[in-house]
Amino acid sequence: MIVLHNVCKTYPNGVCALDNVDLQIPERDFVFLVGPSGAGKSTFIRLLIREELPTSGRVFIDGQDLARLRRSQIPHLRRKVSVIFQDFKLLPHKTVFENVAFALEVSGYSRPDVQQMVPETLDLVGLAGKGDRYPGLLSGGEQQRVAIARALVRRPSILVADEPTGNLDPDTAAQTVQLLVRVNALGTTIVFATHNSELVNTMRRRVVALEGGRIVRDQPNAGYE
Amino acid sequence: MRAVIRAFEVVRYAVVTAAVNFWRHRSMSAAAVFAAAVMMLMLNGFVIVVSNLNVAMGALEQKVNVIAYLKEEVPQADIIKLQERLRANSLVAEAAFLSKDDAMERLKQQLADRKDLLEMVTGNPLPASVEVRLKDANRISDLAGQLRAEAVVEDVALQQDVVDNLLRITNFARVAGAGMVVGLIGITLFVIVNTIRLAVYARRQEIEIMKLVGATDWFIRWPFVLEGIFCGLAGAALTSVLVEAAYQPMQLQFLSLVQFLPVNLDPTFPLKLAALTAGVGVFIGAAGSYISVRRFLDV
């Protein structure tokens, strides 16, 4: 459960990225976060993984006030809230398997666990058998699926996607969204930031529209406009 | 049990990552090792000089005595009491009683070649005395004051000027040596910080991703800290091998030049020096990496 309560975020340079945002996203929800560039989508995501703190107002995840997290607790939050990015953020000198295993290694999973969980997840995202390839040799869609596998391998309760289809062709983008729908059906909350109107219109899910840092629309089973 | 497995996995990951990175950036690692070795070689040189100076000065300091000349006709019991008080005194390392006869005997030995002078001496004009060796030469004035207050003491002799000069040299050598050692540690730290910083910078993307997938600060830090420790230890090993090879011949050379100065002949000294070097290497490597990686952890 994600709760934003009267959240404002003003950067030191005076830019007001979010203005009095009130929002609740229950567990297992699938939400499109839409709006033009500069509407505040990225700031919203940074608040969820506590890369930023709100200037005023409060952000709760599963009842935990993120402003009150100690520095040492932030890693635990980021194991619960996984993020995928437009630019994938894969490590080029590690194989697909190693890139995904990385997310387990950082929290000290044993090798047998890693050997079991990584192939399962690669299977889930449709990359079975490609574990020993390097990211540079994969298509954009496959790279994004590696990033999704890395985000999912630790079974996060929330998956936040920041323009995950921005670098993909329409077909691959559609496949990526279908994959996230399946992940959502398995119980993971999805927050999907995008300005791809076609995708949003096809899916008919909850849409939260941001403009100039304010929520201008919050509608279930909606389209982009 | 699960916590133990996780801790083990984290340690294994850190060691393997550090070793792989050390080897992958071997030219940078070699630069850090070499820089650390050069600095620690100089550090070793200073430690050797200072420790030998300390031994030499210590030996000279031991010769610093205060002599308390006793009054004539002092009862034996009072002398014994004075000796007992001196032995209980915390400033005193050793107190030796020299009777009138002993003093005469010593004079006769010293003047064995000048019997003519001795013939001029009638009776025994020499006073009995107590020769006192101090634990700490710096406290010589305090002890002299205490001795002068003794009823049986006629006069106190001390060579203040000689003592002062000796102390000045000793203290200067110690302070200057310590200052240089501190300065060299600072320079070595600076070199390691900058070398590891390059390594950290080359891996900043990896660090950013580690933060995003929920790695703790220490999980990110450990491989770099270990890598720094590897560099420091390798530099220390190189230094110790060179010093071990050079120390003995150089000491012999030195001994043949100045036979009167005592030098540090402690057989465990090279081992202690190697241990100190290794300790400094570990500390500098770890501290340097810690400083380097700190800035990149704020993701």
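These lines cover the structure that appears in this document, whether it is placed above or below. Values in this document were obtained by computation on a predicted structure and should not be read as measured data.

### Points about the overall build of chain B
Thought 1: When its secondary structure is counted, chain B shows 10 helices and 4 strands.
Thought 2: Beginning at the N terminus, the succession of helices and strands in chain B can be written as α-α-β-α-β-α-α-β-α-β-α-α-α-α.
Thought 3: Counting only residues that meet the buried cut, chain B has 26% of its 299 residues in that class.
Thought 4: Across chain B, the fraction of contacts at a sequence separation of at least 24, relative to all contacts at a separation of at least 6, is 88%.

### A look at the interface of chain A and chain B
Thought 1: At the interface, 15 residues of chain A touch 15 residues of chain B.
Thought 2: Elements represented by at least two residues in the side of chain A that touches chain B include exactly α2 (74-80) and α3 (96-105) of chain A.

### Some remarks on the sheet that holds strand β8 (residues 189-194) of chain A
Residues and elements named next belong to chain A.
Thought 1: Strand order in the open sheet made by the 6 strands is β6-β7-β8-β3-β9-β10, with mixed pairing throughout. Of all strands in the sheet, those bounded by a partner on one side alone are β6 (81-85) and β10 (214-222). The sheet shows a mean angle of 20° between the axes of neighbouring strands, taken without regard to direction.
Thought 2: Note: strand β7 (residues 158-162) against β8, 5 bridges, orientation parallel. Its bridge partner being in β8, Ile158 is matched across the sheet by Thr189.
Thought 3: Its contacts with the sheet place helix α6 (residues 170-185) against β3 (30-34), β7 and β8, and it is angled at close to 155° to β8.

### Concerning the sheet that holds strand β4 (residues 153-157) of chain B
Residues and elements named next belong to chain B.
Thought 1: As summarised here, the arrangement of the 4 strands in space is β2-β3-β1-β4, forming an open sheet in which the pairing is antiparallel. Sheet topology places β2 (92-98) and β4 at the edges, where each strand pairs with a single neighbour. Ignoring which end each strand starts from, the neighbouring axes of this sheet average 20° apart.
Thought 2: Here 6 bridges tie β2 to strand β3 (residues 129-134), and the two strands are oriented antiparallel to one another. Pairing of Leu98 across the sheet is with Ser129, part of β3.

Rules used in this analysis
- Residues numbered from 1 in each chain as written.
- Chains lettered and ligands numbered in written order.
- Predicted model: local features only at pLDDT ≥ 70, side-chain atom pairs only at ≥ 80, totals over all residues.
- Helix = DSSP H or I, 4+ residues; strand = E, 2+ residues; numbered from the N terminus.
- Buried ≥ 20, exposed ≤ 12 C-beta atoms within 10 Å, placed from the backbone.
- Contact = placed C-beta atoms within 7 Å.
- Pairing = 2+ DSSP bridges.
- Axes fitted to C-alpha atoms, helices over the stretch in contact; angles between N-to-C directions.

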